[in-house]
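# Geometric and topological summary
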Amino acid sequence: MSYRFMRVLVFFDLPTETLENRREYRKFHKLLIKNGFLMLQESVYCRMLLNQSAGKAVLDVIRKNRPSAGIVQVMTVTEKQFAAMEYITGEHHSEVIDSDERLIVL
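Every value quoted in this text rests on a predicted model; they were computed, and no experiment measured them.

What follows is about the nonpolar core. Generally speaking, soluble globular proteins have nonpolar side chains that are buried together. Among the nonpolar cores identified, the biggest contains 13 residues, and Val10, Phe12, Phe28, Leu32, Phe37 and Ile62 are the most heavily contacted of them. Residue assignment for this core shows that the elements contributing at least two residues are strand E1 (6–13), helix H1 (19–34), strand E3 (44–49) and helix H2 (52–64). Residue contacts for Phe12: discarding those within four places in its chain leaves Tyr25, Phe28, Leu32, Ser43, Tyr45, Ile71 and Val72.

With that settled, the discussion passes to H2. Spanning 13 residues, H2 covers 18 Å between terminal C-alpha atoms, matching the ideal 18 Å at 1.5 Å per step. Among all positions in H2, only Gly55, Val58, Leu59 and Ile62 are buried. The arc enclosing the buried residues of H2, seen along the axis, measures out at 100°, which places them on a common side. Exposed residues lying more than 90 degrees from the buried face of H2 are Ser53, Lys56 and Lys64.

Across the sheet, which stays open at both edges, the four strands sit in the order E2-E3-E1-E4 with antiparallel pairing between neighbours. In the strand order of this sheet, the two ends are held by strand E2 (38–41) and strand E4 (71–78), each with one partner. Strand-to-strand twist of the sheet, defined as the mean angle between neighbouring strand axes without regard to direction, takes the value 30°. In this structure, E1 lies alongside E3, joined through six bridges in antiparallel fashion. When the sheet's bridge partners are listed, Arg7 is paired in E3 with Met48. Docked against the sheet, H1 engages E1, E3 and E4, running at close to 170° with respect to E1. Here H2 sits on the sheet and contacts E1, E3 and E4; the angle it forms with E3, its principal contact strand, is near 145°.

Here the focus is the packing of aromatic side chains. Inspection of the entire model under this criterion finds three aromatic pairs. For the pair Phe12 and Tyr45, a centre-to-centre distance of 5.8 Å together with 25° between the ring planes defines the contact as stacked. Residue Phe12 is located in strand E1, and its partner Tyr45 is located in strand E3; the two are separated by 33 residues in the primary sequence. An aromatic cluster is defined as three or more aromatic residues linked by ring pairs; in this entry it consists of Phe12, Tyr25, Phe28 and Tyr45.

Here is what the cut-offs are and how they apply
- Starting afresh in each chain, residues are numbered from 1 along the sequence in its written order.
- At least 70 in pLDDT is required for a residue's local features to be given in this predicted model, at least 80 for side-chain atom pairs to be given and counted, and no such filter applies to totals for whole chains, interfaces and linings, which use all residues.
- Excluded from the side-chain calculation are hydrogens and water; included are all heavy atoms of the structure.
- What we call a nonpolar core is a set of buried Ala, Val, Leu, Ile, Met, Phe, Trp, Tyr and Cys residues that are connected through their side-chain atoms within 4.5 Å.
- For every residue, the accessible area (1.4 Å probe, protein chains only) is compared with the maximum for its type, and the residue is labelled buried under 20%, exposed over 50%, or partly exposed between those bounds.
- Under the scheme used here, helices are H or I runs from DSSP no shorter than 4 residues and strands are E runs no shorter than 2 residues, and both carry numbers assigned from the N terminus.
- Contacts were defined at the residue level, with two residues in contact if any of their heavy atoms lie within 4.5 Å.
- Multiply 1.5 Å by the residue count of a helix minus one, and that product is the helix's expected span.
- Our arc is simply the arc of the directions from the helix axis toward the C-beta atoms.
- Being paired, for any two strands, means DSSP has found at least two bridges between them.
- Think of each axis as a best-fit line through the C-alpha atoms, taken over the contacting stretch in the case of a helix, with angles from 0 to 180 degrees between the N-to-C directions.
- Note on aromatic pairs: the rings of Phe, Tyr and Trp (six-membered ring only in Trp) are paired at centre separations within 6.5 Å, and the planes decide the class, stacked below 30 degrees, edge-to-face beyond 60, tilted for the rest.

Shape descriptors only; they carry no functional weight alone.
So, in structure tokens, the structure goes:
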């Protein structure tokens, strides 16, 4: 796997007590999905990027559409750092092809 790529991880904890809170939660969740993020865990989403300038563009979109309440955190790591993630409990399973290889045999 090539390590020139990067990953953006978005962690969020948004309130859902009121109707307006739930509306903002859904809007933010849909924004992440629309922008190519994949769910790693509940409220933890990840997206692969080609370079840092693409990462800045993604962060600008998130900042522009941030919810009014709650916590949204963003962390950018290299693909090598992301690939070194260790699963303590459970194992990785996904039906999404998440690879930078040019040829994928199904």
